[in-house]
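Report on the structure
Each chain is listed here by its residues.
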Amino acid sequence: MADVTLYTNPMSRGRMARWMLEEIGAPYERVVVPYGEGGTAAAQYRALNPMGKVPAIRHGDAVVTETAAICAYLADAFPAAGLAPEPAHRAAYYRWLFFAAGCLEPAVTMHALQVEISAERSRMVGFGTYARTLDALEAAVSAGPYIAGDRFTAADVYVGAQVTWGLAFGSIEPRAAFTAYSERMAAREAYRRATALDDADAKEMTAE
Ligand SMILES: N[C@@H](CCC(=O)N[C@@H](CS)C(=O)NCC(=O)O)C(=O)O
């Protein structure tokens, strides 16, 4: 039996967690959780994640939800994969991982929902404005090949997946730096493997 179980849906942020698991390279079991009754809304799943959201992972007795936390947790739990910097060198790693969860994600979601933040209200909003968030992201992904230094880390899984999805769905402006970063991330073997596995799951679900 695999040590890690991934609860996911192929049409979800669970794709990010799967990419992370493919980067780690340890065996894992994936459980497809349909949306709604019998799936994310079922009491059994809510016991795992009271938010009723995927993804979630179980690793021994540990349960982790929130995709950014899953990426960070797995990087720490499987140090041989080398996906987290040494603790003393985590400033940029933490910074951009939390930025992506706390600023980029809501900024892009609100933009996709056509909720724009006025300059006046932007002071109360953690990400300020969509434009300011994208400018900060652009500077970060232009600074080097990876978001947190000269090495690929779990922060690249989370940021890279968001940028790649945002470009694909048109919710992130196709600036040259985003496209170049996304292409670098999507060229990774683990990304390709994870995408093929999730595409196969999605096909199976739609055929049911
Ligand atoms: N903050 C969560 C968000 C997860 C999330 O929104 N998952 C969506 C799919 S992408 C979901 O499970 N939706 C089902 C529902 O809300 O019923 C994370 O980062 O993991």
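Note that residues are indexed from 1 along each chain, following the sequence as it is written. Residues qualify for local features only when their pLDDT is at least 70, as the model is predicted, and side-chain atom pairs are given and counted only at 80 or more; totals for whole chains, interfaces and linings, by contrast, use all residues.

The subject of this paragraph is the overall build of the chain. Helix numbers and strand numbers start at the N terminus; a helix is a DSSP run of H or I with at least 4 residues, a strand a run of E with at least 2. If you tally the helices and strands in the chain, you get eight helices and four strands. Tracing the chain from N to C terminus, the helices and strands come up as β-α-β-α-β-β-α-α-α-α-α-α. Computation of the radius of gyration draws on C-alpha atoms alone. For the globule rule, the value is 2.2 Å times the number of residues to the power 0.38. Relative to its length of 208 residues, the chain is compact, with a C-alpha radius of gyration of 17 Å against a globular reference of 17 Å. Once the C-alpha set of the chain is aligned to its principal axes, its extents read approximately 50 × 40 × 30 Å. Think of it this way: build a C-beta for each residue from its backbone, and any pair within 7 Å is a contact. Considering only residue pairs separated by 6 or more positions, the chain has 63% of its internal contacts joining residues 24 or more positions apart.

Right, let's get into the domain arrangement of the chain. Start and end positions for the domains come from either an automated domain assignment or a database one. When its domains are assigned, the chain resolves into domain 1 (4-82) and domain 2 (87-189). If you average the C-alpha positions of domain 1 and of domain 2, the two centres end up 22 Å apart. On the domain 2 side, the residues contacting the 11 residues of domain 1 number eight residues. Of all elements in the fold, only helix H1 (14-24) and helix H3 (67-77) reach the threshold of two or more residues within the side of domain 1 that touches domain 2. Here the element with the most residues in the side of domain 1 that touches domain 2 is H3; it accounts for six residues. Residue classes in the side of domain 1 that touches domain 2 are distributed as eight nonpolar, one polar and two charged. When residues are grouped by polarity, Ala, Val, Leu, Ile, Met, Phe, Trp, Tyr, Cys and Pro land in nonpolar, Asp, Glu, Lys and Arg in charged, and all others, Gly among them, in polar.

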